There are 2 protein chains.
Amino acid sequence: MTEVVIAGIGQTEVGEHWDIGLRDLAFAAIQGALKDSDGLKPQALFAGNMLAPNLSNQAHVGVLLADFAGLKGIEAVTIEAAGASGGAGLRQGYLAVASGMVDVALVVGVEKFTDKVGPGVDEALSTASDSDFEAVQGMTPTSQAALLMKRYMHEYQVPADGFAGFAVTAHANGVANENAMFRKAIQLETYAKAEMVSDPINIFDIAPNADGAAALVLTRPDLLPSGFKNPLVTIAGSAASTDTLALHDRKDILYFDTAQISAGKAMKQAGRTLDQIDFFEYHDAFSIYAALQLEAVGFAIKGKGWKLAEAGEIGIKGRIPCATMGGMKARGFPGGAAGVYQAVEATLQLRGRAGTNQVAGAKVGLIQSLGGPASTAVSHILTSLD
Amino acid sequence: MTEVVIAGIGQTEVGEHWDIGLRDLAFAAIQGALKDSDGLKPQALFAGNMLAPNLSNQAHVGVLLADFAGLKGIEAVTIEAAGASGGAGLRQGYLAVASGMVDVALVVGVEKFTDKVGPGVDEALSTASDSDFEAVQGMTPTSQAALLMKRYMHEYQVPADGFAGFAVTAHANGVANENAMFRKAIQLETYAKAEMVSDPINIFDIAPNADGAAALVLTRPDLLPSGFKNPLVTIAGSAASTDTLALHDRKDILYFDTAQISAGKAMKQAGRTLDQIDFFEYHDAFSIYAALQLEAVGFAIKGKGWKLAEAGEIGIKGRIPCATMGGMKARGFPGGAAGVYQAVEATLQLRGRAGTNQVAGAKVGLIQSLGGPASTAVSHILTSLD
C-alpha cells in the first residue's frame, strides 16, 4: 500500500458568513492549505459538500472551487454522503493518491448554510434521510435524533442532565480555538436551564449549523519538497461503512454498526488497537450521536457512553480526549465540511500544534464522520510519523 | 498500476418510468450487473447522480442504493460532477480498485427526472452552471448550448441542416437497442422540418431528459471466478479534467479543452493513439457538444466536426463510429447515469455482443462524459483483452 501523508491544512472560522459566498469561503481554506503544504501543486480536487445544490442552487462544486482557486485543468469532483461528505471526500482523496494515479490531492469541505434561511434549511438537511419513508412524514434529522435520545435515556435510565458533559467539554475546548463559532465555556447549570429544541434535545445537545470550509493537501512522502517544514502526519487507516438509510429498518437503533465496522477496519489497517488511540474526533452533531459512537467504537460499553462525558473522561486530559478543538457543538457544524475540519484539527494535534488544547504526546488520532444516524460512517486513523 | 476490468454490466430501459422510484430503478441495473459478474460481491458502491437532491428530495443516494440492494455494510458514496457524474463515478470506482483498497466495486449511475416536472427540472439542471454568474441570469444549459451552436455556425458557415447527421446517426443506432428511448430512424427531411427548442437548437439537436440506471462491476483480473464467462474488458486509461465553470470565462468557447486533455491522458495511459480507437461514445446531450468533442479529441480539425456527421463517417461502418447504441439523443439522456450507460454500451461492443450495432472487430473504445459545456470531462479507454 502506498503511504499517504497530510502535507497541508487550511480552515476558515466557522460561523455565519453572510458577506461571502461558497467559492470565497472555500478559497480561503484552499489558500491556507496550499501555503501550508510548501507549494505542492494538486492534480485533483475532492470537494466534500452536501447542501449546495439545495441551498446555493449550485451543483458541480468541484469545478467551481478548482476554477476559482486558479487550478483550471486539474480533475475535480464533488463527494456527497450527507453529513459524512467531508470524511468521504477525504477517503476518495486518499484512494486517489494510494492508487498511484494522483500525486497530490486537494480535499476541500465546504458548506454555506446562510445561502438560505428558514424551513428550507431543515428541508435540505432532511435529504440525508429516507425521502420516501422518513422525510415525507415530516421527520427532520433533529426530531429523529430526539427520538433516539429519548429511547436511550429510557433504556439506560439516564437523568435529565446526563448528556451535559458532551456540551461542557466541547465548549471548554472551543474557548481557545480561534476558528470556533462559540468560544464561551458553559457550566452544568447552563445546560440544565437550556431551552428545549426537540424534547429531550436542548440547545446544547445539538450542534449549530454554520458556514465553514476546511482543506487538506495529500501526497506521498517521497514527493514532499526537500526540507519540508511541517511535522508529518500519515493516514494510517481509512474505511467507510453503510447501514440502512431509514432508522426504522434497524434491529437495534441504539447501536451504530457502521461506527464500529469502519473504526475497526481503519484500526486494523493502521495496525493499532483501541488503547493506542490518543484522541477521538467524533461526530457530535447531536450529543446522542457522540454517546453512541463512544460505545460502538469501544471506548464504553453499551449504555454507558454518556458516563464517560459525565465523568470528564473525554476532556483534553481525560482518558480519551474528544472534540479537542470544540467539536461540532462549539466549533460549529458546517455540514459536509465537518469531516474535513476533523482531519485539520487532528493534524494540529499530531503536529503538536494544538496550543492550549494540545493532547499531551498525541501520536494516534481517530476521526469519524457520520451521515444521518450513522447510515454512513467514515473513519480515519491519523498518526504522527515519529 | 493494478489492472482493472469490467466484470459485469446492467442497465434499464431509458424513458419515463412514472411507476417506479429512484431506488427501484437503480436496483434493476444493480441486479443485472451483479448477475452478469458471476456472483462477485462488491465492497464499495459509487453512485453517479446529479439531480436527486433537487428532484427527489434525496441526498445520500449511495446509502439508499446499497441498502435497497441488500448490500448493507459496504461503503457507499455519491459522486457528482453534473452531467459527468456517471463518468466521474466510474473513475472513482476505478481509483478505488486500482488503489488495492477495494477488491470489487459497484459503479451505479441513476437519474429520476420524472420525480419532478415543469420548470423545476430546468432549474435543477441549471445548477450545473455557475449559479452566481450564469444561472442567476436565467440561462439554462439548453439556452447556453444554443448560443454555442449559433456562434459555431456563424464562425464556420454551417448550413441550417449542418448538424442533422448527429441525430440521423443516433436514431439509426437506437432502432436495435431495446433499452433506447427512441427506436425510430429519422431522415434528413425530418430534421429540416423539426420544431425549434432554442434557436438554432431544434428538437433533434437536444437529447431527451429521461429516467434510467446503469451499473458496472469492477475488479482485478486475479479475483475473477474460475471459468469466468464474459469476454474481459479492461479499463486501460482513465482521466478527468476541468475548465472554467462559466462559459464566458474562456478564451475560446468553441474549443473543449477538457475533452482534449482528458482524452489525451487516458490514451497515453492506455498506450493507444487516435487511429487505434475503434469507436467513440461522446456526450451528445446537444449536437454541438458532439461536434466540439470530435474536434477536441482530434477526430476532426477545428470547425469541421459537423462534417464528419454530414459525411456519415460516424455511423457504425464509418471511419469513427459514434453513439453506437443510439447515444444520448436516441437512447435518451439520464443525467448523471449517462456516463455509466456509455461504459455499459462500450463493454457490449468490446465483448462483441452489440448485435446489429456491432462495430466490426472493435478492440478499443473511447468514452467521454461531460459536465456542463465540458466544464468537466471524464474520459476512459476501454479495451478487449485479446
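Scoring rules and cut-offs
Residues numbered from 1 in each chain as written. Chains lettered and ligands numbered in written order. Predicted model: local features only at pLDDT ≥ 70, side-chain atom pairs only at ≥ 80, totals over all residues. Heavy atoms only, no water. Helix = DSSP H or I, 4+ residues; strand = E, 2+ residues; numbered from the N terminus. Buried < 20%, exposed > 50% of the residue type's maximum accessible area, 1.4 Å probe, protein only. Contact = heavy atoms within 4.5 Å. Areas by Shrake-Rupley, 256 points an atom, 1.4 Å probe, with all protein chains shown as cover. Lys, Arg positive; Asp, Glu negative; His and termini not counted. Charge placed at Lys NZ, Arg CZ, Asp CG, Glu CD. Pairing = 2+ DSSP bridges. Least-squares fit on C-alpha atoms with pLDDT ≥ 70 in both. Salt bridge = Lys/Arg side-chain N within 4 Å of Asp/Glu carboxyl O. Phe/Tyr/Trp six-rings, centres within 6.5 Å; stacked < 30°, edge-to-face > 60°. Lys NZ or Arg CZ within 6 Å of the ring centre and 35° of its normal. Buried area = accessible area lost by both parts, 1.4 Å probe. Polar contact = N/O pair within 3.5 Å; in protein donor to acceptor, adjacent residues only side chain to side chain. Nonpolar A, V, L, I, M, F, W, Y, C, P; charged D, E, K, R; others polar. Core = buried A, V, L, I, M, F, W, Y, C linked by side-chain atoms within 4.5 Å. Expected span 1.5 Å × (residues − 1). pLDDT = per-residue confidence, 0-100.

Re the overall build of chain A
Move 1: Secondary structure summary: chain A contains 13 helices and 11 strands in total.
Move 2: Principal axes of the C-alpha set define a box for chain A whose edges measure 55 × 45 × 40 Å.
Move 3: The buried share of chain A, reckoned over its 386 residues, is 67%.
Move 4: Taking all contacts inside chain A whose residues are at least 6 apart in sequence as the whole, residues at least 24 apart take part in 77%.
Move 5: For chain A, the exposed area adds up to about 12,500 Å²; of that, 52% sits on carbon and sulfur atoms.
Move 6: Measuring between centres, the 29 positive side-chain charges of chain A sit 5 Å from its 40 negative side-chain charges.

As for the pairing of strand β8 (residues 233-242) of chain A
All names here are of chain A.
Move 1: Of all 10 residues in β8, 10 are buried; the element is thus mostly enclosed.
Move 2: In the sheet, strand β1 (residues 5-11) pairs with β8 via 2 bridges, with the strands oriented antiparallel. What sits directly across from Ile6, in β8, is Val233.
Move 3: Where β8 and strand β11 (residues 376-384) come together, 9 bridges link them in antiparallel fashion.

What about the environment of Glu123 of chain A?
Move 1: For Glu123 of chain A, the location among the structural elements is in helix α5 (residues 119-125).
Move 2: As a C-alpha pair, Glu123 of chain A and Gly372 of chain A span 249 residues in sequence and 14 Å in three-dimensional space.

Observations concerning the relation of the copies chain B and chain A
Move 1: With an RMSD of 0.0 Å, the operation that places chain B on chain A is a rotation of 180° combined with a shift of 0.0 Å along the axis. Such a combination of rotation and displacement between the chain copies is what one expects of a two-fold axis. Within chain B, the C-alpha atom positioned nearest to the axis of rotation is that of Ser99 of chain B, 1.7 Å from it.
Move 2: Here 100% of the interface residues in chain B have copies in chain A that are interface residues too; the copies meet face to matching face.

Section: the pattern of salt bridges
Move 1: Under the criterion given, the structure shown has 36 salt bridges over all chains.
Move 2: In this structure, Asp103 of chain B and Arg220 of chain B form a salt bridge, with 3.0 Å as the shortest nitrogen-oxygen distance. Taken together, the residues span a long stretch of sequence, with Asp103 of chain B in the loop between α4 (85-98) and β4 (104-111) and Arg220 of chain B in the loop between β7 (212-219) and β8 (233-242) at a distance of 117 residues.
Move 3: Residue classification places Asp103 of chain B among the partly exposed positions, given a relative accessible area of 25%.
Move 4: Arg220 of chain B gets classed as buried once you look at its relative accessible area, which sits at 16%.
Move 5: Salt bridges linked by common partners bring Lys72 of chain A together with Asp243, Arg250 and Asp257 of chain B together as one network.

Some points on the packing of aromatic side chains
Residues and elements named next belong to chain A.
Move 1: Evaluation of the coordinates by the stated rule reveals 18 aromatic pairs over all chains.
Move 2: Linked through ring pairs, Tyr152, Tyr156, Phe163, Phe166, Phe280, Tyr282 and Phe299 together constitute an aromatic cluster.
Move 3: Above the ring of Phe68, the side-chain terminus of Arg23 is found at 6.0 Å from the ring centroid.

Thoughts on the pairing of strand β4 (residues 104-111) of chain A
All names here are of chain A.
Move 1: Judged by how many residues are buried, β4 sits mostly within the fold: 8 of 8 residues are covered.
Move 2: Side chains Val104, Leu106, Val108 and Val110 project from β4 onto one buried face, and the interleaved Ala105, Val107, Gly109 and Glu111 project onto a second face that is buried too.
Move 3: Across 8 bridges, β4 lies against strand β7 (residues 212-219) in antiparallel orientation. Bridge pairing in β7 links Val110 to Ala213.

As for the interface of chain B and chain A
Move 1: Contact with chain B, which involves 61 residues of that partner, is made by 61 residues of chain A.
Move 2: Interface of chain B and chain A: buried area, both sides summed, is about 4,600 Å²; carbon and sulfur atoms make up 51% of it.
Move 3: Contact with chain A buries area across many residues of chain B, yet His60, Met101 and Thr242 of chain B alone supply 16% of it, more than any other trio.
Move 4: Joining chain B to chain A, the criterion identifies 10 salt bridges.
Move 5: Across the pair Asp257 of chain B and Lys72 of chain A runs a salt bridge, and its minimum N-O distance is 3.7 Å.
Move 6: Our count for the contact surface shared by chain B and chain A stands at 34 residue pairs in polar contact (both at pLDDT 80 or more).
Move 7: Taken together, the elements giving at least two residues each to the side of chain B that touches chain A come down to α2 (52-55), α3 (61-68), β3 (75-80), α4, β8 and α9 (257-270) of chain B.
Move 8: When residues in the side of chain B that touches chain A are grouped by element, the largest group, 7 residues, is from α4 of chain B.
Move 9: Each residue belonging to the side of chain B that touches chain A can be placed in one class, and the counts come to 28 nonpolar, 22 polar and 11 charged.
Move 10: The sheet contact formed by strand β3 (residues 75-80) of chain A and β3 of chain B spans 3 bridges and is antiparallel. Bridged to Glu80 of chain A within β3 of chain B is Thr78 of chain B.

Things to note about the side chain of Arg91 of chain B
Move 1: With respect to the secondary-structure elements, Arg91 of chain B resides in helix α4.
Move 2: For Arg91 of chain B, a relative accessible area of 3% gives the class buried.
Move 3: With near-sequence residues (within four places) excluded, Arg91 of chain B lies in contact with Glu75, Met101 and Val102 of chain A together with Ser238, Ala239, Ala240, Val378 and His380 of chain B.

Side note on the side chain of Ser241 of chain B
Move 1: Secondary-structure assignment places Ser241 of chain B in strand β8.
Move 2: Polar contacts involving the side chain of Ser241 of chain B include one to the main-chain carbonyl oxygen of Gly73 of chain A, which spans 2.9 Å.
Move 3: Discounting residues that sit within four places of it in the chain, Ser241 of chain B has contacts with Gly73, Ile74 and Glu75 of chain A together with Thr258, Ile261, Ser262, Ser375, Thr376 and Ala377 of chain B.

Overview of unusual backbone geometry
Move 1: That bond from Asp199 of chain A to Pro200 of chain A is cis: its omega, 10°, falls within 30 degrees of zero.
Move 2: You can see Pro200 of chain A is positioned in the loop between β5 (196-198) and β6 (201-202).
Move 3: Of note in this structure, Ala323 of chain B is not a glycine but carries a positive phi near 45°.
Move 4: Topologically, Ala323 of chain B is positioned in the loop between α11 (305-310) and α12 (327-330).
Move 5: Residue classification places Ala323 of chain B among the buried residues on the basis of a relative accessible area of 0%.

Topic: helix α7 (residues 164-174) of chain A
Residues and elements named next belong to chain A.
Move 1: The element α7 is largely enclosed, with a buried count of 9 among its 11 residues.
Move 2: Considered for burial, the residues of α7 that qualify are Ala164, Gly165, Phe166, Ala167, Thr169, Ala170, His171, Asn173 and Gly174.
Move 3: On its buried face, α7 sits against α8 (188-192), α10 (287-297), α11 (305-310) and α12 (327-331).

A look at the nonpolar core
Move 1: Counting residues in each nonpolar core, the largest one holds 89 residues, and the members touching the most others are Leu216 and Leu218 of chain A together with Leu216 and Leu218 of chain B.
Move 2: Ignoring sequence-local partners within four residues, the contact set of Leu216 of chain B consists of Ile6, Gly8, Ile9, Ala33, Leu90, Ala105, Leu106, Val107, Val340, Ala343 and Val344 of chain B.

Quick notes on helix α6 (residues 141-155) of chain B
Residues and elements named next belong to chain B.
Move 1: When the terminal C-alpha atoms of α6 are compared, their 21 Å separation across 15 residues agrees well with the 21 Å that a helix rising 1.5 Å per residue should span.
Move 2: Listing the buried residues of α6 in full gives Pro141, Thr142, Gln144, Ala145, Ala146, Leu148, Met149, Tyr152 and Met153.
Move 3: Looking at the packing, one finds that the buried side of α6 touches α5 (119-125), α8 (188-192), β5 (196-198), β6 (201-202), α10 (287-297) and α11.
Move 4: Backbone geometry just after α6 places Gln157 at a positive phi near 45°.

Things to note about the confidence of the model for chain A
Move 1: Mean pLDDT for chain A: 97, with 99% of residues reaching 70 or above.
Move 2: Scored as a complex, the prediction yields pTM 0.98 and ipTM 0.98.

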